[in-house]
Amino acid sequence: MAAIPRKKSPRAPSIPLDEALDRALKAYDKERLHATPTDVVAQNIGYKGANNGAALSAIASLRYYGLLERPKEGFLAVSKDVESFRFAPSEDLRKSLLMQFVRNPPIFAELLDNYASGLPSDANLKHELIIQRGFAPATAETALLAFRRSVDFAGYFDTPTVVSDAGEDADEEKSPSPIEADETVRQPTQINAQVSATNSTHPVRDEDCIDRIPVRLTGGRRAWLLIPTPLFSADKVRLKAQIDLLLTEDEYDE
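What counts, and where the lines are drawn
- Residues numbered from 1 in each chain as written.
- Predicted model: local features only at pLDDT ≥ 70, side-chain atom pairs only at ≥ 80, totals over all residues.
- Heavy atoms only, no water.
- 1 Å grid on protein atoms, 1.4 Å probe; cavity = no way out; pocket = protein on both sides within 12 Å on 5 of 7 lines; lining within 4 Å.
- Points joined across faces, edges and corners; volume = space filled by probe spheres on them.
- Helix = DSSP H or I, 4+ residues; strand = E, 2+ residues; numbered from the N terminus.
- Nonpolar A, V, L, I, M, F, W, Y, C, P; charged D, E, K, R; others polar.
- Phe/Tyr/Trp six-rings, centres within 6.5 Å; stacked < 30°, edge-to-face > 60°.
- Buried < 20%, exposed > 50% of the residue type's maximum accessible area, 1.4 Å probe, protein only.
- Lys NZ or Arg CZ within 6 Å of the ring centre and 35° of its normal.
- Axes fitted to C-alpha atoms, helices over the stretch in contact; angles between N-to-C directions.
- Parallel < 35°, antiparallel > 145°, perpendicular 65-115°, else oblique.
- Left-handed = near helix turned anticlockwise from the far one by under 90°.
- Contact = heavy atoms within 4.5 Å.

**Q** Just checking my understanding: could you explain empty space enclosed by the protein for this structure?
**A** Any empty space left between atoms is shown by rolling a water-sized probe over those atoms. Counted under the stated rule, the structure contains two cavities of 30 Å³ or more. In this structure, the second largest cavity spans a volume of roughly 30 Å³. In this structure, the second largest cavity is lined by Ala27, Glu31, His34, Thr36, Val41, Leu68, Leu76, Ala77 and Val78. Elements represented by at least two residues in the lining of the second largest cavity include exactly α1 (17-31) and β3 (75-78). With three residues, β3 is the largest single contributor of residues to the lining of the second largest cavity. Looking at the lining of the second largest cavity, its residues break down into six nonpolar, two polar and one charged.

In structure tokens:
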């Protein structure tokens, strides 16, 4: 009787992001962004070579996170994003890159989109990986551990502060000049006009230097973004990270 072929689980990292990033930074310190033989990269990240399953699994995980690239057959290179993280001038940029890394594995991005308000229990996630997504039980356990730890490490569900308080004013003085010419940031007068036309019960208080921007949610609900004036470049990075986090599933509901 012929043996039943073993079902292959979907691709997912086997190590968490913090461990993968640490290994990628070690490889960067040795090779920078140069194309390097796979066997040498394996040695740079802590293995004797690339001819064993553990090394290959680790290398695959680094590639899923977007930390390693394959410029040509038999060679690997540390990604430019790792270099950007290594020399990031601000914690906001590092945070933005971490959010990107944790979403690079497709299975991680899908889970984060499905549970945008926060992750359910491990038992719930493991059931989805095995029953709905076709993971083998052992592989699902490994992927779940890597996923949960990566999300915690990236601070994916941490809520950034949108409106600065008095304690942050001193830090803002060190920030770059306000974004005045950036077309992606609308002028306050334009925002005020939109808010007034949309909901007259929530007028903008000019004396507070804050603009209220309505955001439509599912089920006829609304959220309001409070945008301080002036808006700095660091603020823009935070806002983008928060908007990515709070994306709704309107396209599936409509």
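**Q** Any chance you could explain unusual backbone geometry here in plain terms?
**A** Negative phi values dominate among residues other than glycine, just as trans dominates among peptide bonds. Not every positive phi belongs to a glycine, and Arg32 is a case in point at roughly 55°. In this fold, Arg32 is placed in the loop between α1 and β1 (36-37).

**Q** What is the right way to read the packing of aromatic side chains from this model?
**A** Each pair of aromatic rings is reported with the distance of its centres and the angle of its planes. Under the counting rule described, the total for this entry stands at five aromatic pairs. Taken together, a centroid distance of 5.2 Å and an interplanar angle of 75° make the contact between Tyr156 and Phe157 edge-to-face. Residue classification places Phe157 among the partly exposed positions, given a relative accessible area of 26%. Ring pairing ties together the aromatic residues Tyr65, Phe108 and Phe147, which thus form one cluster. The cationic tip of Lys72 hangs over the ring face of Phe75; the distance from NZ or CZ to the ring centre is 4.5 Å. The cationic tip of Arg94 hangs over the ring face of Phe85; the distance from NZ or CZ to the ring centre is 4.6 Å.

**Q** Which parts of the structure should I look at to understand the packing of helix α5 (residues 91-103) against helix α8 (residues 137-154)?
**A** Packing of α5 against α8 leaves a shortest axis separation of 9 Å and a crossing angle of 165°. The angle between α5 and α8 places the two elements in the roughly antiparallel class. Helix-helix and strand crossings are classified by hand; for α5 and α8 the assignment is left-handed. Here Lys95, Leu98, Met99 and Val102 of α5 lie close against α8, whose contacting residues are Ser150, Val151, Phe153 and Ala154. Residue classes in the contact of α5 with α8 are distributed as six nonpolar, one polar and one charged.

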